[in-house]
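# Residue-level structural notes
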Amino acid sequence: MTDRLSNAELRRLFLHQHALSESPSGPLTRDGLDALIDRLGFVQVDTISALEQAHHHILFTRANGYKKSLLKHLLEKRRSLFEHWTHDASIIPTRFYPYWKPRFARYKERMDRASHWTERFAGRQDEVLAEMRRRVEVEGSVTSREVTPDDTEERGAWWGWTPSKTALEYLWRTGEFAVSGRKGFAKIYDLSHRVIPPEHHDPEPDHAAFVDWAGREAIARLAVATHGEVARFFDSISPAEAQAWCESAGDNTLRRIEIEQADGSTRLVWARPDVLELAAQAPEPPTRVRFLSPFDPMIRERERTQRIFGFDYRFEAFVPAAKRVYGYYVLPMLERDRLVGRIELKTHRARGELEVRGMWMEPGVRASKARDAKIDAEIERWRVFTGMERVVR
């Protein structure tokens, strides 16, 4: 008989695996932040800052003692984290760096074939790459602004992507360069061997070891998953590779289990061997309300969010305003193990104001003084974190 997790057990387990079952109160150290990001596997980076940039939002949601200076230290001084791509731009534990080497090779192959990349070089790819390698080798780290003065190099149709900027991105994505820091949100590029500590420059793993690593690390964090979700976790391997890995993994690595979804239906998925023990040990989440980033790993896969939590979430920032159901930058509200509503917050930094632009509760979620007080407390935490002077509604 196949073991089964109820939907309530599944929700608690999923929240715990995403570091959302503990109270976010209390201090946070550099080591604690390192451990948190390692536990998540990566943290997505995004430039939209209607409220706060995604990586800061994701970390503050889990640890209210989070300070941006902690992350900067780990990235730029300790070098225990590095920036590259998973499914999108992300901050990643540096101990994973050897397993990004196959990705570098894959990026190079894809970019060399893609016309939109070759077009950005304006027919001078070899020349521009050679000059960029020489410049950074001799002169040190650079930003795209420093290598592309506005009045000296042509700009194509790619949103200001000059050949020089293209070279920096190409050399970063293919592993020759690494991001050594940022000026504002602009990446600072340097040679990888000057950024990534030498103990992480292990030889590239063979393909079997790479696939096995990607599968094991994904299931360790998800606890339960389809083979497609395993593949998409780091976006390192294909669904076919993930399926073959799941089907060939031994009982000490994976097992089959049935999970109950939010609508009462069941689904057969892959799971860690200790999944029942994990689920039994997963604590009851805090009673407080938390506002999740649209890029939070817990809600990253919208269909999975619907299946597990019964919450239909769509990020509408890129939807024309007239067609939005809710708003530009709307945040799911998490209370205990339920997604109970949505809120749109916007910081007006010049005015020192945190604006509550709208709030919508899910069907069947009743208003109460206690719930309103929890929502107001979370709004106040965000006012303090973003440095605003007042809340306006």
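For the structure itself, look to the data block above.
A brief look at the structure comes next. (Residues numbered from 1 in each chain as written. Predicted model: local features only at pLDDT ≥ 70, side-chain atom pairs only at ≥ 80, totals over all residues. Heavy atoms only, no water.)

Right, let's get into the overall build of the protein. Across its full length, the protein holds 16 helices and 14 strands. With respect to the principal axes defined by its C-alpha atoms, the protein has extents near 65 × 60 × 40 Å. A burial count over the protein gives 55% of its 393 residues as buried. Long-range contacts, defined as pairs at least 24 residues apart, comprise 62% of the intrachain contacts of the protein with a sequence gap of at least 6. (Helix = DSSP H or I, 4+ residues; strand = E, 2+ residues; numbered from the N terminus. Buried < 20%, exposed > 50% of the residue type's maximum accessible area, 1.4 Å probe, protein only. Contact = heavy atoms within 4.5 Å.)

Position of Gln125 among the secondary structure elements: in helix α7 (residues 125-139). Once the C-alpha coordinates of Gln125 and Met1 are considered, the two residues, 124 residues apart in sequence, prove to be 60 Å apart. Beyond its immediate stretch of four places on either side in the chain, Gln125 contacts Asp112, Thr118 and Tyr170. Of note is the side chain of Gln125, whose polar atom sits 3.3 Å from the side chain of Asp112. (Polar contact = N/O pair within 3.5 Å; in protein donor to acceptor, adjacent residues only side chain to side chain.)

With 18 residues, helix α16 (residues 369-386) should reach 26 Å at 1.5 Å per residue; the first-to-last C-alpha distance of 26 Å fits that figure. Listed as buried for α16 are Arg371, Ile375, Glu378, Ile379, Trp382, Arg383, Phe385 and Thr386. Phi for Gly387, located one or two positions after α16, is positive at around 75°. (Expected span 1.5 Å × (residues − 1).)

Once that is clear, we can look at the sheet that holds strand β4 (residues 89-93). What holds strands together in a sheet is hydrogen bonding between their backbones, with the strands either parallel or antiparallel. Taking strand neighbours across the sheet as the criterion, the three strands line up as β2-β4-β3 in an open arrangement whose pairing is antiparallel. Edge positions in the open sheet fall to β2 (43-44) and β3 (81-85), since each of these has one partner strand only. Sheet contacts for helix α2 (residues 30-40): β2, β3 and β4; angle to β4, the most-contacted strand, approximately 115°. (Pairing = 2+ DSSP bridges. Axes fitted to C-alpha atoms, helices over the stretch in contact; angles between N-to-C directions.)

Tallied over the entire structure, the rule returns 25 aromatic pairs. Ring centres of Phe121 and Tyr170 lie 5.8 Å apart, and the angle between their planes is 80°; this geometry places the pair in the edge-to-face category. In this pair, Phe121 sits in the loop between α6 (115-120) and α7 while Tyr170 sits in helix α9 (residues 163-173), placing the two residues 49 residues apart along the sequence. According to the relative accessible area criterion, Phe121 is buried, its value standing at 1%. (Phe/Tyr/Trp six-rings, centres within 6.5 Å; stacked < 30°, edge-to-face > 60°.)

Along helix α15 (residues 302-309), the residues classified as buried are Arg304, Thr305, Ile308 and Phe309. In an axial view of α15, the angular spread of the buried residues amounts to 105°, which keeps them on one side of the axis. On its buried side, α15 packs onto α1 (7-17), α11 (207-222), α12 (227-234) and β12 (338-348). (Arc of directions from axis to C-beta.)

Further remarks concern the packing of α2 against helix α4 (residues 68-78). Here α2 crosses α4 at 85°, and the two axes come no closer than 9 Å. Here α2 lies roughly perpendicular to α4, going by the angle between them. Counting all contacts with α2, which are made through Arg30, Asp31, Leu33, Asp34 and Ile37, the residues of α4 involved are Leu70, Leu71, His73, Leu74 and Arg78. Its residues assigned to classes, the contact of α2 with α4 shows five nonpolar, one polar and four charged. (Parallel < 35°, antiparallel > 145°, perpendicular 65-115°, else oblique. Nonpolar A, V, L, I, M, F, W, Y, C, P; charged D, E, K, R; others polar.)

Now for the layout of surface pockets. Estimated volume of the largest pocket: approximately 560 Å³. Taken together, 21 residues make up the lining of the largest pocket; nearest its centre are Thr47, Trp85, Ala89, Phe185 and Lys187. The greatest single-element share of the lining of the largest pocket, amounting to four residues, is contributed by α9. When its residues are assigned to classes, the lining of the largest pocket shows 10 nonpolar, three polar and eight charged. Within this model, the second largest pocket holds a volume of roughly 320 Å³. Around the second largest pocket, the lining comprises 18 residues; the ones closest to its centre are His55, His56, Glu76, Arg182 and Gly184. Residue assignment for the lining of the second largest pocket shows that the elements contributing at least two residues are α3 (54-62), α4 and β5 (177-183). (1 Å grid on protein atoms, 1.4 Å probe; cavity = no way out; pocket = protein on both sides within 12 Å on 5 of 7 lines; lining within 4 Å. Points joined across faces, edges and corners; volume = space filled by probe spheres on them.)

Core analysis: the biggest nonpolar cluster contains 116 residues, and Leu33, Leu71, Phe177, Val224, Phe291 and Met298 have the highest contact counts within it. Per-element accounting of this core gives the leading share, seven residues, to α11. The residues touching Leu71, leaving out its near neighbours within four places in the chain, are Leu33, Ile37, His55, His56, Leu59, Tyr66, Leu81 and Ile91. (Core = buried A, V, L, I, M, F, W, Y, C linked by side-chain atoms within 4.5 Å.)

Right, let's get into empty space enclosed by the protein. The rolling of a water-molecule-sized probe over the atoms marks out the regions of remaining empty space. Tallying each qualifying case throughout the model produces three cavities of 30 Å³ or more. Approximately 90 Å³ is the volume attributed to the largest cavity. What lines the largest cavity is simply Val224, Ala225, Thr226, Glu229, Ile259, Gln261, Arg267, Val269, Arg304, Arg307 and Ile308. Elements with a contribution of two residues or more to the lining of the largest cavity: β7 (224-225), β9 (266-271) and α15. Tallying contributions element by element places α15 first for the lining of the largest cavity, with three residues. For the lining of the largest cavity, a count of residues per class yields five nonpolar, two polar and four charged. Put simply, the second largest cavity is a space of about 70 Å³. When grouped by side-chain class, the residues that make up the lining of the second largest cavity number five nonpolar, one polar and four charged.

Taken by themselves, the reported measurements are silent on function.
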